[in-house]
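# A closer look at the structure
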Amino acid sequence: MTSDQDTFRRPAESPMEHSRRADGDADPATGAPCLAEAVHSEHAIQRQLLRALAAVVAEARDTSEFLQALADFSQRHFEREERAMARHRYPDGPAHCAEHRRLQDEIECLQALAASDKPVGDALVRFAAALQSHVEGADASLLAHVAGHAGRTASGGGPSA
Ligand SMILES: [Fe+2]
Ligand SMILES: [Fe+2]
């Protein structure tokens, strides 16, 4: 099995579970633990959507509804992360946001392929790999920064410059 296939097979949190945590970035004490929970939960939902899309592709059914759900959910997720970057003065924000824009462009390309009745399977696997790479790289760095920032604030050290 390839790592791309692994991306489609990871266990995920249910949307119901996610909805309980959806306001996770509003922790009045530090902001960090709840943000991490919410972000991880949203990554799980993105993986669920990708698994559903892979199944739809395998059955040669219309992907447009799931692609729109992926586009809409990913936009909201990226906006949450970008609010956290601003709130926690994340120094790598511009590069991280640029990755978000590239991922959104890839989703739009998937939608264009689907709209023109072209196969989306290969592009979907590439997108899943790019998203997983983003989660393991840029998103992990953001969460580490937020955790450290909150820790410094809670101990009286103040925010980083
Ligand atoms: Fe991100
Ligand atoms: Fe993310």
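The following paragraphs examine the structure supplied in this document.

### Describing the nonpolar core
In terms of nonpolar packing, the biggest core is built from 16 residues, with Leu49, Leu53, Leu67, Leu70, Leu110, Leu124 and Phe127 touching the most fellow members. Counting residues per element, the ones that place at least two in this core are helix 3 (32–58), helix 4 (64–87), helix 5 (93–115) and helix 6 (121–154). When residues of this core are assigned to their parent elements, the largest contribution, five residues, is made by helix 3. Apart from the residues within four sequence positions on either side, Leu67 is in contact with Leu53, Ile107, Leu110, Gln111 and Ala114. Within the second largest apolar cluster, eight residues are counted, among which are Leu35, Ala36, Ala84 and Val146.

### With respect to unusual backbone geometry
With a phi close to 55 degrees, Ala60 is a non-glycine residue in the positive phi region. For Ala60, the location among the structural elements is in the loop between helix 3 and helix 4. Judged by the 9 C-beta atoms lying within 10 Å of it, Ala60 falls in the exposed class. In this structure, Arg89 takes a positive phi of about 50 degrees despite not being glycine. Position of Arg89 among the secondary structure elements: in the loop between helix 4 and helix 5.

### Considerations on helix 5
The end-to-end C-alpha separation of helix 5 is 33 Å, in line with the 33 Å expected for 23 residues at 1.5 Å each. For helix 5, the full list of buried residues reads His96, Ile107, Leu110 and Ala114. One or two residues past the end of helix 5 sits Asp117, with phi positive at roughly 60 degrees.

### Brief notes about the packing of helix 4 against helix 5
Orientation of helix 4 relative to helix 5, taken along the N-to-C sense of each, is 175 degrees, at an axis distance of 10 Å. Between helix 4 and helix 5, the interaxial angle falls into the category roughly antiparallel. Taking contact as the criterion, the partners of Ser64, Leu67, Leu70, Ala71, Ser74, Gln75, Phe78, Glu82 and Met85 in helix 4 are, on helix 5, Gly93, His96, Cys97, His100, Leu103, Gln104, Ile107, Leu110, Gln111 and Ala114. Residue classes in the contact of helix 4 with helix 5 are distributed as ten nonpolar, eight polar and one charged.

The rules behind each value
Residues numbered from 1 in each chain as written. Chains lettered and ligands numbered in written order. Predicted model: local features only at pLDDT ≥ 70, side-chain atom pairs only at ≥ 80, totals over all residues. Core = buried A, V, L, I, M, F, W, Y, C linked by C-beta atoms within 7 Å. Buried ≥ 20, exposed ≤ 12 C-beta atoms within 10 Å, placed from the backbone. Helix = DSSP H or I, 4+ residues; strand = E, 2+ residues; numbered from the N terminus. Contact = placed C-beta atoms within 7 Å. Expected span 1.5 Å × (residues − 1). Axes fitted to C-alpha atoms, helices over the stretch in contact; angles between N-to-C directions. Parallel < 35°, antiparallel > 145°, perpendicular 65-115°, else oblique. Nonpolar A, V, L, I, M, F, W, Y, C, P; charged D, E, K, R; others polar.

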